[in-house]
Amino acid sequence: MSDTLIKVENVSKKFCRSLKKSLWYGVKDMGSEFFGSSNSHNELRDGEFWANKDISFEVKRGETIGLIGHNGAGKTTLLRMLNGLIKPDKGRIEIRGRMQALIALGAGFNPILSGRENVYVNAAVLGISKAEIDRKFDEIVAFSGIEEFIDAPVQSYSSGMAVRLGFAVAAHMEPDILLVDEVLAVGDLAFAIKCNVKMSELRNQGISIVVVSHNMQAIRNMSNKAVWLEKGMIQEIGVTNVVCDGYEINNYKNNNIKATGSKLSYNDKVEILNVLFLNEYCKTTEIYNVGSKLIIDIEFIAKHKIIKPVFTISIFNSELILVCSNYSTFDNLIIDDLEGRKIIRYTIDSINFKPGVYFCSITISEIEVSNTLVWHEKVYNFKVAGNSTNYGMFNPHPKWDILF
Amino acid sequence: MSTDNNELPITVYSPESQMRSPGKLITSMFHDLKESRELAWRLFVRDTSARYRQSVLGILWAFLPPLLSGLVFIVLQSRNVLNLGKTDIPYPLFVLIGTILWQVFTESVNAPLKAVQSAKAMLAKINFPREALIVSAFYDVLFSLAIKSIVLAAVLIYFKVAVSVGMLLAIPAILMLILLGMTIGLLLTPIGMLYTDVSSALTVFIQFWFFITPVVYPPPTSFPFDLIVKLNPVSPLLVGVRDLLTLGILKTPEAFLLVSALTFFGMFFAWLLYRLALPIIIERMSS
């Protein structure tokens with residue numbers, strides 16, 4: 001038990017949607033805080049809602065826990081409570097050790113002052129002593145990669161540079177627990193890599209990390225445990241990949257994402273009647289194991305003759321990045337013309353995509369792809385299940401040999 | 001990791017009011033005050049150097065306003081446009097010290113709310129000892145006082161005021177004046193962070209307050225105007241400092257000591273309130 005650095009027990013927090021009421025409740029809360037009565041915490045007042053409700057979890061030394069969920073699910077509220085900025089309305093949070101937050105990078109930066117001066121201010125805000133900064137100053141500046149600008153006023157920096165300097169300072173703290181809120185998405189690629197390296201360095205030192213991100217790839221890579229918040233409550237908690245899969249599947253059921261799928265017909269020459277996702281036994285399925293066979297049958301009716309039809313299937317991952325797009329003509333399905341009810345079959349022998357949710361677009365065109373007759377954009381989806389044995393979008397299953 | 005977890009400090013966040021465990025609360029207040037020294041100094045250095053780097057007239061702004069308003073009253077009095085009563089010391093000396101001290105006081109009143117308001121973004125995201133903002137604001141007022149005291153010294157020399165032991169006593173007395181101002185400011189800060197009405201009202205009220213404080217006129221002695229002195233907590237301090245500087249004595253030591261005692265008590269109360277209120281305020285600010 002002594003290895004637990006963060007212990008969150010049945011924590012709830014309420015918020016108020018109306019500003020006017022919120023301010024007035026603020027005045028009342030100050031009163032009850034001052035007079036030591038705490039009745040105002042238990043029940044919702046008019047206009048209030050639970051931003052976090054009955055949340056419990058633990059983080060052990062060296063663990064990285066990812067908080068995922070839609071905007072407004074209560075991730076940031078939870079993080080702010082962990083950070084001690086706001087008090088829970090119910091429950092209890094116990095923190096062991098020195099806590100640092102990688103949340104507001106470059107907090108306390110004054111644009112008029114030079115980068116050098118701001119490093120000291122920022123460090124002081126984060127609770128790092130001057131002696132400590134004196135010792136690490138060169139290291140920090142080198143890490144930020146902006147040595148030549150360090151004596152220029154921060155207002156002359158690009159936003160990326162200021163954030164880099166902020167991250168460099170923050171990354172040189174020596175906490176037991178680190179809270180990270182979506183900060184690694186800043187800076188250019190080289191800096192993002194630097195940040196990731198630094199983060200894994202911190203993890204290896206046995207620091208516990210709580211990270212909030214919408215980048216599912218980052219969460220999967222970084223954390224060994226995930227908490228999925230939905231409307232302020234824990235929807236699922238457990239091993240990262242399982243929770244992330246659940247979240248991603250839920251995402252595509254969510255109306256917002258479904259809305260991006262649309263069926264467009266440019267004329268009434270052809271109509272897609274049915275699209276079936278089949279497994280290796282030709283049974284319909286939604287879920288494929290990594291490495292298994294995927295078959296898509298497109299049943300359509302060509303009401304008029306289509307000359308040189310081109311079929312395309314494009315597959316996107318849950319972040320809507322194109323994974324692959326194939327044209328039937330490029331894959332040597334050359335047809336002079338067709339008419340009537342037909343089925344086109346698309347087969348991938350071994351689907352080696354990373355586990356997750358995928359969206360599928362289908363088009364039928366005449367003569368060339370740009371001459372589209374019907375376009376079902378990201379209307380279909382399927383899931384790839386299993387354990388990833390590599391990073392990245394797909395696994396090409398390379399062969400490794402030692403030659404000498 | 002070889003660190004023994006049992007050595008790690010434990011922090012607990014729970015809904016209970018901190019007032020339920022006053023011992024712990026007071027210990028943590030003084031602990032945080034101690035912890036905040038370095039940050040307070042950094043913030044002060046940051047704000048001060050940034051301010052003067054972007055200003056041509058620089059420190060002139062610390063004493064120009066009281067000097068100008070003092071001059072107005074000197075002219076009005078000498079031309080007999082206004083008759084503000086007879087003073088023990090030359091009127092220009094009287095009024096210049098008065099307006100400078102008044103400026104010190106109003107800066108002290110405004111400092112806490114201004115400091116906390118401009119640190120809003122930081123407060124909403126980072127957990128640092130909140131006392132640092134107030135201590136840094138105090139340094140700020142002291143710095144501005146240091147500049148003003150050069151002018152004050154020049155005025156005293158020009159009017160050939162005799163050097164006295166009382167002048168030394170004026171230093172803690174000015175600090176009391178600052179403390180009183182900051183106490184009032186800090187008391188208003190929690191509500192002022194929620195409602196902007198507070199800072200607007202403060203601006204208006206301070207202008208009004210100037211006229212009910214014996215800054216440009218000697219303390220009235222006849223009823224009902226003597227109430228200005230008796231009920232206005234600034235009067236004994238401001239008049240006291242002026243008397244110490246020019247006459248070397250305190251005319252009403254009882255009132256001075258009473259207000260000082262109340263100020264210490266009030267300061268602690270305001271500090272407590274500020275600490276308890278901040279999480280509630282932060283909750284109601286955007287993150």
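Residues numbered from 1 in each chain as written. Chains lettered and ligands numbered in written order. Predicted model: local features only at pLDDT ≥ 70, side-chain atom pairs only at ≥ 80, totals over all residues.

Chemist: Any chance you could explain the packing of helix α1 (residues 19–34) of chain A against helix α11 (residues 253–283) of chain B here in plain terms?
Modeler: When two helices pack together, their arrangement is captured by the angle between the axes and the distance separating the axes. Running from amino to carboxyl end, α1 of chain A crosses α11 of chain B at an angle of 140°, the nearest separation of the two axes being 9 Å. It follows from the interaxial angle that α1 of chain A and α11 of chain B lie oblique. The two elements α1 of chain A and α11 of chain B meet at a crossing, and its hand is right-handed. Contacts between α1 of chain A and α11 of chain B involve G26, D29, M30, E33 and F34 of chain A from the former and L273, L276, A277, I280 and I281 of chain B from the latter. Of the residues that constitute the contact of α1 of chain A with α11 of chain B, the class distribution is 7 nonpolar, 1 polar and 2 charged. (Axes fitted to C-alpha atoms, helices over the stretch in contact; angles between N-to-C directions. Helix = DSSP H or I, 4+ residues; strand = E, 2+ residues; numbered from the N terminus. Parallel < 35°, antiparallel > 145°, perpendicular 65-115°, else oblique. Left-handed = near helix turned anticlockwise from the far one by under 90°. Contact = placed C-beta atoms within 7 Å. Nonpolar A, V, L, I, M, F, W, Y, C, P; charged D, E, K, R; others polar.)

Chemist: Quick question: what am I supposed to make of the nonpolar core here?
Modeler: Soluble globular proteins tend to bury their nonpolar side chains together. L179 and V210 of chain A together with L101, L177, L237, L238 and V241 of chain B are the most contacted members of the largest nonpolar core, which has 143 residues in total. Residue contributions to this core peak at 15 residues, all from helix α4 (residues 91–118) of chain B. In contact with L238 of chain B, not counting residues within four places along its chain, are L101, W102, F105, L177, T213 and V215 of chain B. Among the nonpolar cores identified, the runner-up in size contains 24 residues, and I295, I306, I344 and I362 of chain A belong to it. (Core = buried A, V, L, I, M, F, W, Y, C linked by C-beta atoms within 7 Å. Buried ≥ 20, exposed ≤ 12 C-beta atoms within 10 Å, placed from the backbone.)

Chemist: Hey, could you run me through the sheet that holds strand β16 (residues 337–348) of chain A in this one?
Modeler: To summarise the sheet geometry, strands pair through backbone hydrogen bonds and adopt either a parallel or an antiparallel arrangement. Residue and element names in this part refer to chain A. Across the sheet, 3 strands lie side by side as β11-β13-β16; this open sheet has antiparallel pairing. Each edge of the sheet is formed by a strand with only one pairing partner; in this case those strands are β11 (270–278) and β16. Strand-to-strand twist in this sheet, taken as the mean axis angle between neighbours without regard to direction, amounts to 15°. As judged from the 11 bridges shared by strand β13 (residues 294–307) and β16, these two strands associate in the antiparallel manner. Each residue of the ladder has a partner; that of F300, found in β16, is K342. (Pairing = 2+ DSSP bridges.)

Chemist: For this particular structure, what's the right way to read helix α4 (residues 130–144) of chain A?
Modeler: An α-helical turn contains 3.6 residues, so any two residues separated by three or four positions project in the same direction. All names here are of chain A. Considering bend angle alone, the principal kink of α4 is centred on K136 and spans about 60°. Those residues of α4 lying buried are I140, V141, F143 and S144. Two residues or fewer after α4 comes G145, characterised by a positive phi angle close to 70°. (Bend = angle between axes of the 7 residues up to and from the residue.)

Chemist: Any chance you could explain the packing of helix α7 (residues 165–194) of chain B against helix α10 (residues 234–246) of chain B here in plain terms?
Modeler: Residue and element names in this part refer to chain B. Two elements in contact, α7 and α10, have axes separated by 8 Å at closest approach and are oriented at 160°. Here α10 runs roughly antiparallel to α7, going by the angle between their axes. Taken as a pair, α7 and α10 cross one another with a handedness that is left-handed. Residue-level inspection shows G166, M167, L169, A170, A173, I174, M176, L177 and L180 of α7 in contact with α10, the latter providing V234, L237, L238, G240, V241, L244 and L245. Taken together, the residues of the contact of α7 with α10 sort by class into 14 nonpolar, 2 polar and no charged.

Chemist: Help me understand the sheet that holds strand β4 (residues 90–96) of chain A in this model?
Modeler: Sheet architecture is open: 4 strands sit in the order β2(A)-β1(A)-β4(A)-β1(B), paired in antiparallel fashion. Unpaired on one side and paired on the other, β2 (48–60) of chain A together with β1 (10–13) of chain B mark the two borders of the sheet. Geometrically, the sheet is characterised by an average inter-axis angle of 20° between neighbouring strands, direction not taken into account. Strand direction decides the pairing type here: strand β1 (residues 4–16) of chain A and β2 of chain A, joined by 9 bridges, are antiparallel.

Geometry only, nothing functional implied.
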